[in-house]
Amino acid sequence: MIDWLDFSLTPTVLYALVAGSALPIYLALIARLTPFSGRKALQFLLSSVVMIVLWIGLVAAGPGSHSAGRAEIGIGVMILVAESLFYLEVWSLLSRSYTLGLLVTLYRANRPLDEEELARSYRGGSGLSWIMEQRLSGLIGAGLVREDDGMVVLTPVRGVAVACLYRLSIMVLGLRRTG
């Protein structure tokens, strides 16, 4: 029989909760720095590094954390990872959500739009073609495809490997096919 449960937090765990919960603040600040403008993956990476460095600093210098054991450090790391994954999902939805972008386009129009008008007005007038351009530039940057005489070519090692892993994952997880 359990007499009572102790829900008190050790300083190391508390510091992880605090440092991790402020990740959106770090992200908002870094996103406004000119060298990182438009570089969303780098913004998130740097925000995560700031979070980890802040947590390490708090654990090293904060009151009551000098006696932190391996278990407390491990729990703190797991909290930071969980918070990062949560914010990564939210950030990804907000920064790359094409469906929500359509809602914003309709809201800004302040009137009903037909499909053609909606496509033209999407993303501040960029239209729907920017989605393909954005996705393609990401694939080129990752070395998964390259452009050759106006044609998009899958790279023989990295591109083929990722495409095969993707197809296998779709098959194993029972997700719908996309191509």
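Values in this document were obtained by computation on a predicted structure and should not be read as measured data. (Residues numbered from 1 in each chain as written. Predicted model: local features only at pLDDT ≥ 70, side-chain atom pairs only at ≥ 80, totals over all residues. Heavy atoms only, no water.)

**Details of the side chain of T155**
Basically, it comes down to this: Numbering goes from the N terminus for both helices and strands, where a helix is a DSSP run of H or I of at least four residues and a strand is a run of E of at least two. A 3.5 Å cut-off defines polar contacts: any pair of N or O atoms within that distance qualifies, except that in protein one atom must be a possible hydrogen donor and the other a possible acceptor, and neighbouring residues in sequence count only when both atoms are side-chain atoms.
As for its position among the elements, T155 is in the loop between β2 (151-154) and α8 (158-173). Of the polar contacts made by the side chain of T155, one reaches the backbone nitrogen of G159; its length is 2.9 Å.

**A closer look at the confidence of the model for the protein chain**
For clarity, the threshold we go by: Scored between 0 and 100, pLDDT is the confidence that the predictor attaches to each residue.
Looking at the protein chain, the pLDDT average stands at 83 and 91% of residues meet or exceed 70. Of all the helices and strands in the protein chain, helix α6 (residues 115-125) carries the lowest mean pLDDT, 75, while helix α1 (residues 11-21) carries the highest, 93.

**Looking at the environment of I75**
Take I75: it is sitting in helix α4 (residues 70-96). Each C-alpha atom of the pair I75 and T12 lies 8.5 Å from the other, and the pair is 63 residues apart in sequence.

**Describing the environment of L42**
Definition in use: The classification of residues rests on relative accessible area computed with a 1.4 Å probe and restricted to protein chains. Under 20% of the type maximum is buried, over 50% is exposed, and intermediate values are partly exposed.
As for its placement among the helices and strands, L42 is situated in helix α3 (residues 40-61). On the accessibility criterion, L42 (23% relative accessible area) is partly exposed. Considering only alpha carbons, one finds L42 and M132, 90 residues apart in sequence, at a separation of 21 Å.

**Examining the nonpolar core**
What counts, and what does not: Nonpolar cores are built from buried Ala, Val, Leu, Ile, Met, Phe, Trp, Tyr and Cys residues. Side-chain atoms within 4.5 Å join them into one set. Residue contacts follow a heavy-atom distance rule, with two residues in contact if any of their heavy atoms lie within 4.5 Å.
Membership of the largest hydrophobic core comes to 16 residues, with the highest contact counts inside it found for A19, L23, Y26, F44, M51, W55 and L80. Residue assignment for this core shows that the elements contributing at least two residues are α1, α2 (23-31), α3 and α4. Excluding its chain neighbours within four sequence positions, the residues that come into contact with Y26 are A19, S47, V50, M51 and L54.

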